[in-house]
Amino acid sequence: LNIWSSGNYGTEFLCGDNEQAPDCCLKRERNMNPEDDAIEGLANGTEIIETFEHHRFKEFQYKISLYHGKVHKFFAMANTSHMWSNNAAEDPLFVLLHSFLDYVRMMRTDCLGYDLVSYEDLEDYIPYAFDGFDDIELEFKPKL
């Protein structure tokens with residue numbers, strides 16, 4: 001049984017010439033070049049845990065965002081793949097990746113005890129428990 005056929009898992013965007021929405025095939029173009037800077041440095045478990053050592057939330061988030069972008073670029077070399085940008089949510093890997101990232105953020109929150117901070121005291125933990133991102137530009141988002 002092929003569950004990834006368009007009959008069982010159709011997509012609405014990036015349809016080929018012989019496809020019609022919403023029954024288009026899922027598109028992936030994996031980047032298998034280990035020398036490519038776009039995917040060089042895909043994180044392993046140890047490197048994910050090491051992001052917890054960044055005391056400021058912004059530093060942690062920046063590093064996780066870089067790893068996040070590399071996973072997107074591993075499964076989408078070009079904008080003809082669903083994991084590329086605006087169509088990424090059509091790929092089931094998108095949900096797995098973003099669920100994992102939420103889990104990592106929650107693990108950091110738990111490991112550093114920020115989940116025990118009361119709402120009234122939360123502001124006292126800026127920029128360690130959370131922080132804004134108005135002053136940095138993240139490098140992971142592919143350009144359309």
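Residues numbered from 1 in each chain as written. Predicted model: local features only at pLDDT ≥ 70, side-chain atom pairs only at ≥ 80, totals over all residues. Heavy atoms only, no water.

Draft legend 1. Highlighting the packing of helix α2 (residues 57–75) against helix α3 (residues 92–111). Where α2 meets α3, the closest approach of the two axes is 11 Å, and the angle between their N-to-C directions is 160°. Judged by the inter-axis angle, α2 sits roughly antiparallel to α3. α2 and α3 meet at a crossing whose hand is right-handed. Only Leu-93, Phe-94, Leu-97, His-98, Leu-101, Val-104, Arg-105 and Arg-108 of α3 make contact with α2, whose side of the interface consists of Phe-57, Phe-60, Ile-64, His-68, Val-71, His-72 and Phe-75. Of the residues belonging to the contact of α2 with α3, the class tally is ten nonpolar, three polar and two charged. (Axes fitted to C-alpha atoms, helices over the stretch in contact; angles between N-to-C directions. Helix = DSSP H or I, 4+ residues; strand = E, 2+ residues; numbered from the N terminus. Parallel < 35°, antiparallel > 145°, perpendicular 65-115°, else oblique. Left-handed = near helix turned anticlockwise from the far one by under 90°. Contact = heavy atoms within 4.5 Å. Nonpolar A, V, L, I, M, F, W, Y, C, P; charged D, E, K, R; others polar.)

Draft legend 2. Highlighting the pattern of salt bridges. Applying the stated rule across the entire model yields three salt bridges. Glu-19 serves as the salt-bridge partner of Lys-27, at 2.8 Å between the closest nitrogen and oxygen. (Salt bridge = Lys/Arg side-chain N within 4 Å of Asp/Glu carboxyl O.)

Draft legend 3. Summary view of the state of the cysteines. Taken as a whole, this structure holds one disulfide when the rule is applied. Note that Cys-15 is cross-linked by a disulfide to Cys-24, the S-S spacing being 1.8 Å. Disulfide Cys-15-Cys-24: torsion about the S-S bond near 80°, hence right-handed. (Disulfide = S-S within 2.5 Å.)

Draft legend 4. Highlighting the side chain of His-72. In this fold, His-72 is placed in helix α2. Take His-72: its relative accessible area is 8%, and that puts it in the buried class. At a separation of 3.1 Å, a polar atom in the side chain of His-72 contacts the side chain of His-68. Side-chain polar atoms of His-72 contact the backbone oxygen of Met-83, separated by 2.8 Å. Every residue in contact with His-72, bar those within four places of it in the chain, is listed here: Met-83, Ala-88, Phe-94, Leu-97 and His-98. (Buried < 20%, exposed > 50% of the residue type's maximum accessible area, 1.4 Å probe, protein only. Polar contact = N/O pair within 3.5 Å; in protein donor to acceptor, adjacent residues only side chain to side chain.)

Draft legend 5. A look at the confidence of the model for the protein chain. Here the protein chain averages 84 in pLDDT, and 86% of its residues register 70 or above. Across the protein chain, α3 holds the top mean pLDDT of 94, while α2 sits lowest at 91. (pLDDT = per-residue confidence, 0-100.)

Draft legend 6. Up close: the nonpolar core. The biggest cluster of nonpolar side chains holds 16 residues, and the ones touching the most others in it are Ile-48, Phe-60, Ile-64, Met-83 and Val-104. Within the residue set of this core, elements represented by two or more residues are α2 and α3. With six residues, α2 is the single largest residue contributor to this core. Leave out the neighbours within four places in its chain, and Ile-48 touches Ala-43, Ile-64, Tyr-67, Phe-100 and Val-104. (Core = buried A, V, L, I, M, F, W, Y, C linked by side-chain atoms within 4.5 Å.)

Draft legend 7. Structural detail: the packing of aromatic side chains. Summed over the entire model, instances satisfying the criterion amount to four aromatic pairs. The interplanar angle of 55° and the centroid separation of 5.7 Å between the aromatic rings of Phe-57 and Phe-60 together place this pair among those described as tilted. Taken together, the residues Phe-57 and Phe-60, both in helix α2 and three residues apart, mark about one turn of the helix. The class for Phe-57 is buried, based on a relative accessible area of 8%. An aromatic cluster of three or more residues is present, and its members are Phe-52, Phe-57 and Phe-60. (Phe/Tyr/Trp six-rings, centres within 6.5 Å; stacked < 30°, edge-to-face > 60°.)

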